[in-house]
Amino acid sequence: MESEFADINLSAVAGAIADPARARMLCVLLDGRARTATELAAAADIGASTASSHFQRLREQGLVEMAVQGKHRYYRLSNSEVAHALEALLVVAGAERAPFKPNTPSALREARTCYDHMAGTLAVRIHDAMLSRQWLAADGRDYLLTPLGEAALAQIGVDVAQARQRRRRFACSCLDWSERRSHLGGALGAALLDALTRRGWVSKDLDSRALSITKKGERQFPSFFGQADEVARGFAQRDLHAAA
């Protein structure tokens, strides 16, 4: 039965993409980062009320999803399949995407605290590295810590047993407000920051939420999370910018 309606479903999805304003919103979201309704409306050069109906259409067709972080609501692409389809269409259209440029102060953008866990560019890279190395496994909107991950985190003194006993979510995705991508939250995220602080890889600023990456941290982060991961590439890119 599904094959009989494939053409109808395709037409509905294509119709949702075809509107110029909705297409612009989708292209903005292609970098994998989330945006607020206000930001997407501005990017599409439309009003908030008009944008609301567009968001509903895109959600109905499974192209975007809404993420709630505190009092804020963000929109992002629903999954990688949507991103791949849009990328293919952009190749056909011969279009290029503009890179994401965060306006967060640099001292907070690289590393900071988010409640009791770590946020910022470094935290997002660590989150991605933990997933790619299969230390974490997705479990709905939460994460499971795999035996491989538990063994790895034990090497740097993360108290996983204590984190499991806390009356809160153990490990979850927390949307980073500067990177607009996920970092690790929950009790495990807090335990990880505590361990990194105790080991002297990061230090907390006394007057702000900023975290400083120590010289020891610069050496240890890439080696611990793997030279092939985003953590290592991120430090390499930073070193190149500093040299320039």
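The rules we used
Residues numbered from 1 in each chain as written. Predicted model: local features only at pLDDT ≥ 70, side-chain atom pairs only at ≥ 80, totals over all residues. Heavy atoms only, no water. Helix = DSSP H or I, 4+ residues; strand = E, 2+ residues; numbered from the N terminus. Buried < 20%, exposed > 50% of the residue type's maximum accessible area, 1.4 Å probe, protein only. Contact = heavy atoms within 4.5 Å. Areas by Shrake-Rupley, 256 points an atom, 1.4 Å probe, with all protein chains shown as cover. Axes fitted to C-alpha atoms, helices over the stretch in contact; angles between N-to-C directions. Parallel < 35°, antiparallel > 145°, perpendicular 65-115°, else oblique. Left-handed = near helix turned anticlockwise from the far one by under 90°. Nonpolar A, V, L, I, M, F, W, Y, C, P; charged D, E, K, R; others polar. Pairing = 2+ DSSP bridges. Polar contact = N/O pair within 3.5 Å; in protein donor to acceptor, adjacent residues only side chain to side chain. Salt bridge = Lys/Arg side-chain N within 4 Å of Asp/Glu carboxyl O. Phe/Tyr/Trp six-rings, centres within 6.5 Å; stacked < 30°, edge-to-face > 60°. Lys NZ or Arg CZ within 6 Å of the ring centre and 35° of its normal.

Honestly, the overall build of the protein in this entry has me stumped. Any pointers?
Helix and strand content of the protein: twelve helices and eleven strands. Relative to its 244 residues, the protein shows a buried fraction of 41%. Across the protein, contacts joining residues at least 24 apart in sequence account for 57% of those joining residues at least 6 apart. Put simply, the protein shows about 13,700 Å² of open surface, and 52% of that area lies on carbon and sulfur atoms.

Any chance you could explain the packing of helix α2 (residues 20–28) against helix α4 (residues 48–60) here in plain terms?
Two elements in contact, α2 and α4, have axes whose closest approach is 10 Å; the angle formed by their N-to-C orientations is 70 degrees. The angle between the axes of α2 and α4 places the two elements in the roughly perpendicular class. The handedness of the crossing between α2 and α4 comes out as right-handed. Where α2 approaches α4, its residues Ala21, Arg22, Met25 and Leu26 are matched on the opposing element by Ala51, His54, Phe55, Arg57 and Leu58. Partitioned by chemical class, the residues of the contact of α2 with α4 number six nonpolar, one polar and two charged.

Sorry, what's going on with the pairing of strand β7 (residues 142–145) here?
The side chains of a regular strand alternate between both faces of the sheet. Going residue by residue along β7, you find Tyr143 and Leu145 tucked away on one face and Asp142 and Leu144 left uncovered on the opposite face. Relative to β7, strand β6 (residues 136–139) runs antiparallel, the two sharing four bridges. In the sheet register, Ala137 faces β7, and the bridge partner there is Leu144. Turn length for the β6-β7 hairpin, with the two strands adjacent in sequence and antiparallel, is two residues, and the turn residue Gly140 shows positive phi of about 70 degrees.

I would appreciate a short explanation of the side chain of Arg35 in the present structure.
Topologically, Arg35 is positioned in strand β1 (residues 35–36). In this structure the side chain of Arg35 is engaged in a polar contact, spanning 2.9 Å, whose partner is the side chain of Asp31. Only 3.4 Å separates the side chain of Arg35 from the backbone oxygen of Arg33, close enough to count as a polar contact.

Help me understand the pattern of salt bridges in this model?
Oppositely charged side chains can pair when the atoms bearing their charge come close. One pass over the full model with this rule turns up eleven salt bridges. With its nearest N and O atoms 3.3 Å apart, the salt bridge here joins Arg33 to Glu179. With Arg33 in the loop between α2 and β1 and Glu179 in the loop between β8 (172–175) and β9 (182–185), this pair connects stretches of sequence that are 146 residues apart. Overall, Arg33 belongs to the buried group, its relative accessible area being 16%.

Explanation requested: the pairing of β9 in the structure shown.
When β8 meets β9, the two strands line up antiparallel, connected through four bridges. By the bridge assignment for β9, Cys174 is matched with His183. Connecting β8 to the antiparallel partner β9 that follows it, the hairpin turn spans six residues, and Arg180 within it adopts a positive phi of roughly 60 degrees.

Explain the environment of Asp142 to me, please; I cannot follow it from the model alone.
When you line up the elements, Asp142 lands in strand β7. Note: C-alpha distance between Asp142 and Gly186 (44 residues apart in sequence) is 9.1 Å. When neighbours within four sequence positions are excluded, Asp142 is seen to be in contact with Ala137, Arg169, Ala171 and Cys172. Only 2.3 Å separates the side chain of Asp142 from the side chain of Arg169, close enough to count as a polar contact.

Any chance you could explain the packing of aromatic side chains here in plain terms?
Any two aromatic rings considered together are summarised by their centre-to-centre distance and by the angle between their planes. In total, this model carries seven aromatic pairs according to the counting rule given. Seen in terms of ring centroids, Phe221 and Phe225 are 6.3 Å apart; in terms of plane orientation they differ by 20 degrees. Their pairing is stacked. Residue Phe221 and its partner Phe225 are located together in helix α11 (residues 215–225), separated by four residues, close to a single helical turn. The same class applies to Phe221 as to Phe225, namely buried. Of note, Arg164 hangs over the ring of Phe170, and the distance from its end group to the ring centre comes to 4.5 Å.

Please explain the packing of helix α1 (residues 6–18) against α2 as it appears in this structure.
For any two helices packed against each other, the geometry comes down to the angle between their axes and how far apart the axes lie. Between α1 and α2, the least distance of the axes is 5 Å, while the angle of their chain directions is 90 degrees. Considered as vectors, α1 and α2 are oriented roughly perpendicular to each other. Two secondary-structure elements touch here, α1 through Gly15, Ala16, Ile17 and Ala18 and α2 through Pro20, Arg22, Ala23 and Leu26. Here the residues of the contact of α1 with α2 are counted per class, giving six nonpolar, one polar and one charged.

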